[in-house]
4 protein chains.
Amino acid sequence: MTNTQVTLVQIDNYGPWTVTPEPRREADLQTLQSRLYADISQFVGNRDGYVFFTRFDNMIAVTNGCSLEDHELLQESVGNRYPVTLSLGVATGTSPVQALADATERVQAAGSAQDKDRRECLDGRVIEDPHRTDEDLQIAHFDVVNATGNYTDELNAFDTFIEIEQGYAELMRHMRYAHDSLSFFVGGDNIIVVCPDLEEDDYEEAIHHVDEAVDVELQVGVGRGKSAHDAGFAAKHALETCRADGTRVELEW
Amino acid sequence: MTNTQVTLVQIDNYGPWTVTPEPRREADLQTLQSRLYADISQFVGNRDGYVFFTRFDNMIAVTNGCSLEDHELLQESVGNRYPVTLSLGVATGTSPVQALADATERVQAAGSAQDKDRRECLDGRVIEDPHRTDEDLQIAHFDVVNATGNYTDELNAFDTFIEIEQGYAELMRHMRYAHDSLSFFVGGDNIIVVCPDLEEDDYEEAIHHVDEAVDVELQVGVGRGKSAHDAGFAAKHALETCRADGTRVELEW
Amino acid sequence: MTNTQVTLVQIDNYGPWTVTPEPRREADLQTLQSRLYADISQFVGNRDGYVFFTRFDNMIAVTNGCSLEDHELLQESVGNRYPVTLSLGVATGTSPVQALADATERVQAAGSAQDKDRRECLDGRVIEDPHRTDEDLQIAHFDVVNATGNYTDELNAFDTFIEIEQGYAELMRHMRYAHDSLSFFVGGDNIIVVCPDLEEDDYEEAIHHVDEAVDVELQVGVGRGKSAHDAGFAAKHALETCRADGTRVELEW
Amino acid sequence: MTNTQVTLVQIDNYGPWTVTPEPRREADLQTLQSRLYADISQFVGNRDGYVFFTRFDNMIAVTNGCSLEDHELLQESVGNRYPVTLSLGVATGTSPVQALADATERVQAAGSAQDKDRRECLDGRVIEDPHRTDEDLQIAHFDVVNATGNYTDELNAFDTFIEIEQGYAELMRHMRYAHDSLSFFVGGDNIIVVCPDLEEDDYEEAIHHVDEAVDVELQVGVGRGKSAHDAGFAAKHALETCRADGTRVELEW
């Protein structure tokens, strides 16, 4: 049974900071947001977790393997090197969406995202090492079938982007409401989904749903593991099988 | 009349590189993509342009003010510091979508995104300094009305994200098909749109359309200028007027 | 008794890479070197170690707390994100210089720094967790007495730099030959030294030696701990005592 | 005749910031310093200038080609993305040391490096475009003859480092006092020197001096140009001639 540990990473008071005392150059905000995300990706990724950029001022991470001390260190390091600070909420559970909801509540309970006084809150629970198993995570890695041939080399780059976005928007809603899963676009034509215990049928149904709804054809590799990296890496390998064999759903177990 | 200079930035052979000889750690790919984007944002931004992360392997930039030599230098600098290289196509025109389509064709003509031999192509035309005017760019900066109060402090972080994404997906399609405009989510609840010569009515209609379609309430500040930064910064200031006065559409001229 | 774990980090084939097929822009090499160092500093630092930029193509780290698997992960992450790769040698011992010499031999035995075939070698031994103690590290943090008043606000910036460099060059030789210690300039007027079991007299003698030799007046805080961070942080606090009390040598135990 | 434009880059109030309210993790300070330097290297380097890390809180740049508006933009961008700010002093002249001294005075006149109120001062003069010539810069690129064979593959990494440092310390003093030049270690076994109009004899004498004083054998390539990049790149090519032909001094003109 899956047991996903989810962390909500929220920049403290970011909206006001971006316009105080004056609005800041957009290119600098983009640089700051991207580099902050990249640093968190290294920190969490080096502990075998995954973090998704999401909205950049709010980022969602799968942190099985990270202790509360690790979370505290991340806050301290960011506070030492950036002009902003982070609040973190951590929760766990069989349903990724429920874990994320609990993690969100931890942060909301501490104060508003634009509370001028709330800074560097850290609250929540982690899965202790003895309780971790190889089935804690189930990660699905979707991509668009032959995106390069069908879109990238054919359409203008924005229309290709629209197609990918429509596919993502449809999959994200379906996986969240039908399967309690969290879906994230990660670049190119790739979407990574954090799932509870789903079956092959669930993935075939999701792919069919997206094809019917927006005419975007997906394939998926699925993996399980003790950490987001273990499950996600297995999913990447399963996806290579789809590419090699022309199949649409491959489970790595 | 607007005269937008658009550059398509495409990483050469990225798909194959990410899985050769083996798939690479996802956290490292995310870090690489984000930091590459951040560097391009600084390079283009320091010349008063904007670049949007789009799909990360394909990025769209508004480069009024950047010469072909500047584009060449960007390629050289990235080639010296990253394990990947960039191909660039540049085009200009009154319609942002048309300019982007022409820029895309420049890159596509040079070879596939997954062509194992195509590397560091640079092709296209820029607007020479004497021909630049203060009306070349029209940039609109949308955000969600009271996102913090309505969503961030109330819903779980993924459901907030879904709302923002639905708003973005709807606006992006509407602005592209009705107004030849290019829309980009830039973090938080913000969407920046690169437009041709639009009127106040066009923006009111767009906001109404999104509200009707997905029940997400937007407001917008619009600016014009000689560069993306000039127009975008004016748009940010106009958006502050919306926030201060409770209006929904503010044009900075 | 100290037991320092030292890692030599050497970029593979860097000299030839910087000039093949042509010399590369110096500003890009500086950016690459500095960002690579910064990444290693985060990786090692998050595990409570220290890494010093040294010569940038060869960096010396104090890695008590890092396992061989950690070293392997660092190599993999760098290989995924940079156009260069790293070889690592790890060794331990009561003498920091001896540990560093043993670590160097591990890398040299694998091949020349400019061997066109040697890539990503990893060899050596770490101190296993059960064998770690609170006395494994002794770190001294020196700085120049009132550098700002005596130099920075008075001399031109290069002459100030010369003074600091002369002080560093003198201290580095003295600490290496008299005390088997490794000294590193870390910016500003600060020098961090990795020591074996030294006494207060040894530090007073070192300060006196440098003053006599090059007329640069130093003060020092010294700490001990299970990791470079623990010992170094204690040393920083001891240095604050020097600043507050006007003393020249403060030991945090 | 050379006409070097030198900028002193000084972080405002850095010493106090690093220990307020408490000392900060050393690894984070190293990361911050290195990434700030890397960003300045990109900004200045993209305008064909050079910046040297020097003491990290004080950095020396050769900024021929950068206007005062460019300097102001650099300050603004850093202020938007870092928890610290920069003060900049700019000056020009036939003597690099004199230009650096004048640049330093500009900053010192604005206030102490640890003045709790001095922030983002910008003062000085640049060389306007019509007055720039191909002889404004003379840059020398020294390295140690066969460093890899004589040191890196033979000695322990710290003793190699000591040799390089002694060579640098000797060259830096000689070039400053005998030739009004500014010398910077840039990694590996490389030293870049910013010179006035020197002759081949001056370089042969400098090499002889260092060999006699500390038994470190150097070779040098020298270039001239309108910018630091132009001159420095020519110097790199000249150094390749030394390597190929076994000579010790090569001038690219």
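Definitions and cut-offs
Within each chain, residue numbers correspond to sequence positions counted from 1 in written order. Note on labels: chains are lettered from A, ligands numbered from 1, in written order. Note on the predicted model: pLDDT of at least 70 is required for a residue's local features to be given, and 80 or more for side-chain atom pairs to be given and counted; whole-chain, interface and lining totals, by contrast, use all residues. Only hydrogens and water are removed before side-chain values are computed, so all heavy atoms of the structure are retained for them. The helix and strand labels rest on DSSP assignments: H or I over at least four residues marks a helix, E over at least two residues marks a strand, and numbering proceeds from the N terminus. The reference for a compact globule is 2.2 Å times residues^0.38; the radius of gyration itself is calculated from the C-alpha atoms. To sort residues, take the accessible area from a 1.4 Å probe on protein chains only and compare it with the maximum for the residue type: under 20% means buried, over 50% means exposed, and anything in between is partly exposed. Positive residues here are Lys and Arg, negative ones are Asp and Glu, while His and the chain termini are left out of the count. By convention, the charge on Lys lies at NZ, on Arg at CZ, on Asp at CG and on Glu at CD. By the convention used here, residues are in contact when the closest approach between their heavy atoms is within 4.5 Å. Computed with a 1.4 Å rolling probe, the buried area is the accessible surface lost when two parts are put together, summed over both parts. What makes a salt bridge here is a side-chain nitrogen of Lys or Arg within 4 Å of a carboxyl oxygen of Asp or Glu, nothing more. For cavity detection a 1 Å grid was placed over the protein atoms alone, and a set of points counts as a cavity when a 1.4 Å probe fits there but cannot get out; an open set counts as a pocket when protein lies on both sides within 12 Å along at least five of seven lines, with lining residues being those that have an atom within 4 Å of a point. Grid points are joined across faces, edges and corners, and a volume is the space filled by probe spheres set on the points. A strand pair is defined by DSSP finding two or more bridges across the two strands. Here, axes are lines fitted to C-alpha atoms. For helices the fit covers the stretch in contact, and angles between N-to-C directions go from 0 to 180 degrees. To estimate the expected span of a helix, count its residues, drop one, and scale the result by 1.5 Å. Distance and chemistry together define a polar contact, namely a pair of N or O atoms within 3.5 Å, with one atom able to donate a hydrogen and the other to accept it when in protein, and with adjacent residues in sequence counting only for side-chain atoms on both sides. Only residues with pLDDT of at least 70 in both copies count here: their C-alpha atoms drive the least-squares fit that superposes the copies. Angles are sorted into four bins: roughly parallel if under 35 degrees, roughly antiparallel if over 145, roughly perpendicular if 65 to 115, and oblique for all others. A crossing counts as left-handed when the near helix is turned anticlockwise from the far one by less than a right angle, and as right-handed when that turn is clockwise. Classification used: nonpolar for Ala, Val, Leu, Ile, Met, Phe, Trp, Tyr, Cys and Pro, charged for Asp, Glu, Lys and Arg, polar for all others including Gly. Per residue, pLDDT captures the predictor's confidence, and it can take any value from 0 to 100.

Enquirer: Tell me about the overall build of chain A, and please be specific about residues and values.
Expert: Counting its regular elements, chain A contains eight helices and ten strands. Computed over the C-alpha atoms, the radius of gyration of chain A is 19 Å, within 12% of the 18 Å expected from 2.2 N^0.38 for a compact globule of 253 residues. Its C-alpha atoms give chain A principal-axis dimensions of about 55 × 50 × 30 Å. Counting only residues that meet the buried cut, chain A has 68% of its 253 residues in that class. Put simply, chain A has 19 plus and 47 minus side-chain charges, and the middle of one group is 9 Å from the middle of the other.

Enquirer: Residues and numbers for the interface of chain A and chain B, please.
Expert: At the interface, 77 residues of chain A touch 77 residues of chain B. Taking both sides of the interface into account, the surface hidden between chain A and chain B amounts to around 6,300 Å²; carbon and sulfur atoms contribute 57%. Between the two partners, chain A and chain B, sit eight salt bridges. Measuring nitrogen to oxygen at the nearest pair gives 2.6 Å for the salt bridge that ties Glu 26 of chain A to Lys 236 of chain B.

Enquirer: I'd love a proper account of empty space enclosed by the protein, names of residues and values included.
Expert: All told, the structure shown has 15 cavities of 30 Å³ or more when counted by the stated rule. What the largest cavity holds in volume is close to 380 Å³. If you go around the largest cavity, you meet 24 residues; those closest to its centre are Arg 35 of chain A, Arg 35 of chain B, Arg 35 and Asp 39 of chain C together with Arg 35 of chain D. Sorting the residues of the lining of the largest cavity by element identifies helix H2 (26–45) of chain A, helix H2 (26–45) of chain B, helix H2 (26–45) of chain C together with helix H2 (26–45) of chain D as the ones contributing at least two each.

Enquirer: So what's going on with the sheet that holds strand S2 (residues 50–52) of chain A? Which residues, and what values?
Expert: Residue and element names in this part refer to chain A. Pairing in this open sheet of five strands is mixed, and the strands run S2-S3-S1-S4-S5 from one edge to the other. Of all the strands in the sheet, just S2 and strand S5 (122–124) have a single pairing partner and so form its edges. Pairwise comparison of adjacent strand axes, ignoring direction, gives a mean angle of 20 degrees for this sheet.

Enquirer: An account of helix H6 (residues 157–179) of chain A is requested, with residue identities and associated values reported.
Expert: All names here are of chain A. For H6, built from 23 residues, the straight-helix expectation of 33 Å at 1.5 Å per residue is met to within 8% by its first-to-last C-alpha distance of 32 Å. Summarising burial for H6: 19 of the 23 residues are buried, a large majority. Capping of H6 at its N-terminal end is provided by Asn 156; its side-chain oxygen lies 2.8 Å from the backbone amide nitrogen of Phe 158. Of the residues one or two after H6, Asp 180 is the one with positive phi, at around 55 degrees.

Enquirer: Can you lay out the relation of the copies chain A and chain B for me, pointing to particular residues and giving the numbers?
Expert: Each copy of the sequence occupies a distinct position, and chain A is placed on chain B by a rotation of 180 degrees and an axial shift of 0.0 Å, giving an RMSD of 0.0 Å. Considering both components of the superposition, the chain copies are consistent with a two-fold axis. Within chain A, the C-alpha atom positioned nearest to the axis of rotation is that of Ser 34 of chain A, 2.6 Å from it.

Enquirer: Just give me the short version of helix H8 (residues 228–245) of chain C, but keep the residues and values in it.
Expert: Residue pairs three or four apart in sequence face the same way in an α-helix, which turns once every 3.6 residues. The end-to-end C-alpha distance of H8 of chain C is 25 Å, a good match for the 26 Å that 18 residues give at a rise of 1.5 Å each. By the burial criterion, the buried members of H8 of chain C are Ala 228, His 229, Ala 231, Gly 232, Phe 233, Ala 234, Ala 235, Lys 236, Ala 238, Leu 239 and Cys 242 of chain C. The inward-facing, buried residues of H8 of chain C abut strand S2 (50–52), strand S3 (58–62), strand S6 (137–144), strand S9 (218–225) and strand S10 (249–251) of chain C together with H2 of chain D. Trailing H8 of chain C by a residue or two, Gly 246 of chain C shows a phi angle of about 75 degrees, which is positive.

Enquirer: Pulling in residues and values, what's your account of the pattern of salt bridges?
Expert: Going through the model one piece at a time under the given rule, you end up with 64 salt bridges over all chains. Where Asp 28 of chain B meets Arg 81 of chain C, a salt bridge forms, and the shortest distance between an N and an O atom there is 3.6 Å. Of this pair, Asp 28 of chain B sits in helix H2 while Arg 81 of chain C sits in helix H3 (residues 68–81), placing the two residues on different chains. The exposure class assigned to Arg 81 of chain C is buried, which follows from its relative accessible area of 6%. Look at the salt bridges and you will find they share partners, linking Asp 28 and Arg 35 of chain A, Asp 39 and Arg 81 of chain B, Asp 28 and Arg 35 of chain C together with Asp 39 and Arg 81 of chain D into a network.

Enquirer: Describe the packing of helix H6 (residues 157–179) of chain B against helix H7 (residues 200–214) of chain B, listing the residues and the values that go with them.
Expert: Residues and elements named next belong to chain B. In contact at an axis separation of 10 Å, H6 and H7 are set at 135 degrees when each is read in the N-to-C sense. Between H6 and H7, the interaxial angle falls into the category oblique. Between H6 and H7 lies a crossing of right-handed hand. Contacts between H6 and H7 involve Gln 166, Gly 167, Glu 170, Leu 171, His 174, Met 175 and His 179 from the former and Asp 202, Tyr 203, Glu 205, Ala 206, His 209, Val 210, Ala 213 and Val 214 from the latter. Its residues assigned to classes, the contact of H6 with H7 shows seven nonpolar, five polar and three charged.

Enquirer: Give me the pairing of strand S1 (residues 4–11) of chain A: which residues, what numbers.
Expert: Residues and elements named next belong to chain A. In terms of burial, S1 is largely enclosed, as eight of its eight residues are buried. Across the two faces of S1 the burial is the same, with Thr 4, Val 6, Leu 8 and Gln 10 and Gln 5, Thr 7, Val 9 and Ile 11 all buried. Sheet topology places S1 next to strand S4 (residues 86–93); eight bridges connect them, and they run antiparallel. The residue bridging Gln 5 from the neighbouring strand is Thr 92, located in S4. As judged from the five bridges shared by S1 and strand S3 (residues 58–62), these two strands associate in the antiparallel manner. In the sheet register, Val 6 faces S3, and the bridge partner there is Val 62.

Enquirer: So what's going on with the environment of Asp 211 of chain C? Which residues, and what values?
Expert: All names here are of chain C. For Asp 211, the position within the fold is in helix H7 (residues 200–214). Owing to a relative accessible area of 31%, Asp 211 belongs among the partly exposed residues under this scheme. Linking Asp 211 and His 179, residues 32 residues apart in sequence, is a C-alpha distance of 18 Å. Residues contacting Asp 211, with those up to four places away along its chain left out, are Val 216 and Glu 217.

Enquirer: Go over the packing of H6 of chain A against H6 of chain B, please, and point to the residues and values.
Expert: Two elements in contact, H6 of chain A and H6 of chain B, have axes separated by 10 Å at closest approach and are oriented at 150 degrees. It follows that H6 of chain A is roughly antiparallel to H6 of chain B by the angle criterion. In this structure, the crossing between H6 of chain A and H6 of chain B has a hand that is left-handed. Between H6 of chain A, through Phe 158, Asp 159, Phe 161, Ile 162, Glu 165, Gln 166, Tyr 168, Ala 169, Met 172, Arg 173, Arg 176 and Tyr 177 of chain A, and H6 of chain B, the contact on the second element is made entirely by Phe 158, Asp 159, Phe 161, Ile 162, Glu 165, Gln 166, Tyr 168, Ala 169, Met 172, Arg 173, Arg 176 and Tyr 177 of chain B. Looking at the contact of H6 of chain A with H6 of chain B residue by residue, the class counts come to 14 nonpolar, two polar and eight charged.

Enquirer: Give a detailed account of the sheet that holds strand S4 (residues 86–93) of chain B, specifying residues and quantitative values.
Expert: Either a parallel or an antiparallel arrangement is found when strands of a sheet pair, and the pairing is made through backbone hydrogen bonds. Residues and elements named next belong to chain B. The mixed open sheet is built from five strands, whose spatial order is S2-S3-S1-S4-S5. Bordering the open sheet on either side are strand S2 (50–52) and strand S5 (122–124), each of which pairs with just one other strand. In this sheet, neighbouring strand axes are inclined to one another by 20 degrees on average, regardless of whether the strands run parallel or antiparallel. Relative to S4, helix H3 (residues 68–81) is tilted by about 160 degrees, and along the sheet it contacts strand S1 (4–11), S4 and S5.

Enquirer: An account of unusual backbone geometry is needed here, citing residue identities and associated values.
Expert: All names here are of chain A. Following Thr 20, the chain continues to Pro 21 via a peptide bond in cis, the omega torsion being -5 degrees. Its place among the elements puts Pro 21 in the loop between helix H1 (14–18) and H2. For Asp 180, which is not glycine, the phi dihedral falls at a positive 55 degrees. In this fold, Asp 180 is placed in the loop between H6 and strand S7 (182–187).

Enquirer: Before we move on, can you summarise the confidence of the model for chain A with the specific residues and values?
Expert: Across chain A, pLDDT averages 96, with 100% of residues at or above 70. Both confidence scores are given for the complex: pTM 0.98, ipTM 0.97.

Enquirer: Which residues make up the interface of chain A and chain D, and what values do they have?
Expert: Counting residues at the interface gives 16 residues for chain A and 16 residues for chain D. Roughly 1,300 Å² of surface becomes buried between chain A and chain D when both sides are summed, with 44% attributable to carbon and sulfur atoms. Its largest share of buried area at the contact with chain D, chain A owes to Asp 28, Asn 80 and Arg 81 of chain A, together 43% of the area lost on that side. At the boundary of chain A and chain D, one finds four salt bridges.

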